[in-house]
Amino acid sequence: MHFAVYLPLAGSALLGLLAPLLGRWLPPATATRLLTAGGVMCAAAGLLALAALASTFVGQVPFVAGLGSWSARLVELQDPVPAMIAEVATVVLAVVGMAVPVTLWRRTGALVRVVRAGADVPARADGLVVVDTPEPQAFALPGLPGRPSRIVVSTGMLRVLRDDEHRVLLAHERAHVRHHHHWFRLASVVATAANPLLFRLPAVVAQTTERWADEEAAGRVGDRGLAARAIARAALATRRTGGAVSAGFDHGDVPVRVRSLLAGPPRRRPVVAFAVIIALLACLVAAGEAQADIEDLFERARHSSAL
């Protein structure tokens, strides 16, 4: 356990640091799926590691030892974790234990409220809602049970773009809905609440989902230059930024998105993706080994107490 328990935390920190690079190196669809899944795996592995570290401290409390019927003295004598680390892990585990449900409740609640509001607005048969406002806006809202998905576009945005650029905008927003990008974003935010070492992940996933939708739009219209011009024109008209609730046409790092479109289709890098998958699996295995070691420690302590 001496090494294994720290590997999930080291892996999480590494993923948090490398997330922007992976988001640029990998095709956006691959990067979105891999980083989101990796974030969830690191969040789970990190929580298991923190629980293993904290249990060695909590298990020495006489009241807890009495409830578990083990020897607090033996846990103290055979504890492989330094006291300060165990205490810090206990505090961090308590904090993230409160942060995760709060974050999930707030983000999900905000998403549900926006989707319900959008579903109540009259829309065309294809789910398009045109809002009469001069401010350039365009974003997609996912569907929920009993609530259809919506693509909301303002008259101000339609005036900013040319007719052929309207096709890019609609293809982009429909890609967000079709590929459920909102859920990737929500998962990345919740994973970061559970494991703050992934602090860069939400912004990177937001960017990769935008680039994923850009690639889809460029493929639909058959002109990467046209897609790049439409995105740049929309960004010049507004400076709004994206979040975990709505995915918008002018969101994200627009210069990076435009350069990516003009540079040509993204290259596949299976070796990089495979290496990331292996590293993530290693973190999960290490977290499992740490849990097994902790269970063995407390089993011996319980056996000693029974003698």
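Our subject in this report is the structure included herewith. The structure presented is a predicted model; accordingly, all values stated were derived computationally and were not measured. (Residues numbered from 1 in each chain as written. Predicted model: local features only at pLDDT ≥ 70, side-chain atom pairs only at ≥ 80, totals over all residues. Heavy atoms only, no water.)

### Quick look at the overall build of the protein
In terms of helices and strands, the protein carries 12 helices and 4 strands. Out of the 307 residues belonging to the protein, those deemed buried represent 49%. Expressed as a percentage of contacts within the protein between residues at least 6 apart in sequence, the contacts between residues at least 24 apart total 75%. (Helix = DSSP H or I, 4+ residues; strand = E, 2+ residues; numbered from the N terminus. Buried < 20%, exposed > 50% of the residue type's maximum accessible area, 1.4 Å probe, protein only. Contact = heavy atoms within 4.5 Å.)

### Let's talk about the packing of helix α2 (residues 28-58) against helix α9 (residues 201-221)
Two elements in contact, α2 and α9, have axes whose closest approach is 8 Å; the angle formed by their N-to-C orientations is 155°. Of the possible angle classes, the one that applies to α2 and α9 is roughly antiparallel. Where α2 crosses over α9, the handedness of that crossing is left-handed. Residue-level contacts link Pro-28, Ala-29, Ala-31, Thr-32, Arg-33, Leu-35, Thr-36 and Gly-39 of α2 to Leu-201, Val-204, Val-205, Thr-208, Thr-209, Arg-211, Trp-212 and Glu-215 of α9. Classifying every residue of the contact of α2 with α9 by side-chain character gives 8 nonpolar, 5 polar and 3 charged. (Axes fitted to C-alpha atoms, helices over the stretch in contact; angles between N-to-C directions. Parallel < 35°, antiparallel > 145°, perpendicular 65-115°, else oblique. Left-handed = near helix turned anticlockwise from the far one by under 90°. Nonpolar A, V, L, I, M, F, W, Y, C, P; charged D, E, K, R; others polar.)

### Regarding the pattern of salt bridges
Scanning the model with the defined rule gives 8 salt bridges in all. A salt bridge links Arg-185 to Glu-210; the nearest nitrogen and oxygen atoms lie 2.6 Å apart. Linking Arg-185 in helix α8 (residues 181-194) with Glu-210 in helix α9, this pair joins segments that are 25 residues apart in sequence. Look at Arg-185 and you get buried, because its relative accessible area is 3%. Accessibility expressed as a relative area gives 0% for Glu-210, which makes it buried. Three or more residues are tied together by salt bridges with common partners; here these are Arg-162, Asp-164, Glu-165 and Arg-233. (Salt bridge = Lys/Arg side-chain N within 4 Å of Asp/Glu carboxyl O.)

### Here's the deal with a nonpolar patch on the surface
Together, Phe-274, Ile-277, Ile-278, Leu-281 and Leu-284 make up a nonpolar patch on the protein surface, roughly 440 Å² of accessible area in all. Assignment of secondary structure puts Leu-281 in helix α12 (residues 270-306). The exposure class of Leu-281 is partly exposed, given its relative accessible area of 42%. (Patch = residues over 30% accessible without salt bridge, like charges linked within 9 Å, V, L, I, M, F, W, Y side chains within 5 Å. Areas by Shrake-Rupley, 256 points an atom, 1.4 Å probe, with all protein chains shown as cover.)

### Topic: the pairing of strand β2 (residues 138-141)
The alternating pattern of β2 places Ala-138 and Ala-140 and Phe-139 and Leu-141 on opposite faces, both of which are buried. Of the pairings in the sheet, the one linking β2 to strand β3 (residues 150-154) comprises 4 bridges and is antiparallel in character. Within β3, the position partnered with Ala-140 by the bridge is Ile-151. (Pairing = 2+ DSSP bridges.)

### Looking at the packing of α9 against helix α11 (residues 254-262)
Two numbers describe how α9 lies on α11: the axes approach to 10 Å, and their chain directions differ by 40°. What the angle tells us is that α9 and α11 run oblique. As α9 packs across α11, the resulting crossing turns out to be right-handed. Counted together, Gln-207, Glu-210, Arg-211, Asp-214, Glu-215 and Ala-218 of α9 and Val-256, Arg-257, Ser-260 and Leu-261 of α11 form the full contact between these two elements. Of the residues assigned to the contact of α9 with α11, the class counts are 3 nonpolar, 2 polar and 5 charged.

These values are about where atoms sit, not about what they do.
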